[in-house]
Amino acid sequence: MKIELLPSSVPVSDVQYLTTYLINDEIAIDCGSLGLLADLERQKRVKHIFITHEHIDHIATLPLVLSNSFEPGVDCVEVLAMPDVLQFLRNDIFNGRVWPDFFNPTLTHEPMVRVTPLELFKPIRRCNVTITPVPVSHGVPSIGFIVEDAASAVVFPSDTGPTEAIWSHAAKTNNLKAVFLEASFPEKLIDLALVCGHLCPSTFAIETRKITTPVRWMVVHRKPSDSDQVAKELESLGIAGIEMVRCGVPYWF
Ligand SMILES: [Zn+2]
Ligand SMILES: [Zn+2]
């Protein structure tokens, strides 16, 4: 399985302002930075966009991507999310003011988006991978995903504070290879992290102990202004298998 955290800055750097993962160049998890890809053909290859929650760093370029990818007669993009997030997108983004109502099938002769509501713990299969939505513990209702192909399983808890369900579900998953886990804040902001449902280095370390098999712990979602500090604090904790994820670099599992 090929996974890439897309860059959110030009020139490309590892500072992460927005979140989109590409899975095998065909599936996106979140749509923060997908619409910033300079290569329009790469944007258009993505036909399935899974959304974890409605925070702006995870949906910022969704309206642009749906516009960029639309071509009459070509299969439209599918957006997959929990029903409350789909409702939010329709009410507050694709509402005819912020952006045209692409969700309205009568807007054009051909559909501009296909919408699929997700159900917690119910696996869904697209492009030869199986994706299972699992709840996590963030400031708003949020889900993470467990993504599996024939050889590997990779966990994307998305934005989360200390949580449980995704770890118990991951522990039952075969071929678990990696977790892309957030570490948003440095240790000095632990209270803020707990209040808004994020991790800092010490709580990140506690979460890693909830998986007992060896996996690669891929660190993402470091707040840009404290990114170096978070990396330094995490590295001092001696967590096995930890690495800072580079933006725009493919990882294979
Ligand atoms: Zn969030
Ligand atoms: Zn976020």
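Residues numbered from 1 in each chain as written. Chains lettered and ligands numbered in written order. Predicted model: local features only at pLDDT ≥ 70, side-chain atom pairs only at ≥ 80, totals over all residues. Heavy atoms only, no water.

Chemist: Hey, could you go over the pairing of strand β1 (residues 2–5) for me, with residue numbers and the actual values?
Modeler: Alternating positions in β1 separate into two faces, Lys2 and Glu4 on one and Ile3 and Leu5 on the other, with burial throughout. Looking at chain direction, β1 and strand β2 (residues 21–23) are connected through three bridges and run antiparallel. Its bridge partner being in β2, Leu5 is matched across the sheet by Tyr21. (Buried < 20%, exposed > 50% of the residue type's maximum accessible area, 1.4 Å probe, protein only. Helix = DSSP H or I, 4+ residues; strand = E, 2+ residues; numbered from the N terminus. Pairing = 2+ DSSP bridges.)

Chemist: Help me get a handle on the coordination of the zinc ion (ligand 1), residues and values and all.
Modeler: Distances from the zinc ion (ligand 1) to its protein donors, namely His53 (NE2), His55 (ND1), His138 (NE2) and Asp159 (OD), fall within the range 2.1 to 2.3 Å. The site at the zinc ion (ligand 1) holds four donor atoms, and with the angles between them running 91 to 163°, its shape is irregular. Mapped onto the polypeptide sequence, the residues donating to the zinc ion (ligand 1) form the spacing pattern H-x1-H-x82-H-x20-D. Here the zinc ion (ligand 1) and the zinc ion (ligand 2) are spaced 3.6 Å apart, linked through Asp159, which binds each one. You can see His53 sitting in the loop between β4 (48–50) and α2 (56–59) and its partner His138 sitting in the loop between β8 (129–136) and β9 (142–148), a full 85 residues away along the chain. In this pair, the class of His53 matches that of His138, namely buried. (Donors = N, O, S within 2.8 Å, 3.2 Å for Na, K, Ca; no water. Tetrahedral: all angles 85-135°; square planar, octahedral: opposite > 155°, others 65-115°.)

Chemist: Describe the packing of aromatic side chains, and please don't skip the residues or the numbers.
Modeler: Throughout the structure, instances matching the rule amount to ten aromatic pairs. Centre to centre, the rings of Trp167 and Trp217 are 5.8 Å apart; their planes meet at 65°, and the pair counts as edge-to-face. Here Trp217 lies in strand β12 (residues 216–220) and Trp167 lies in helix α5 (residues 165–171), a separation of 50 residues in the sequence. Side by side, Trp167 and Trp217 carry an identical accessibility label, which is buried. (Phe/Tyr/Trp six-rings, centres within 6.5 Å; stacked < 30°, edge-to-face > 60°.)

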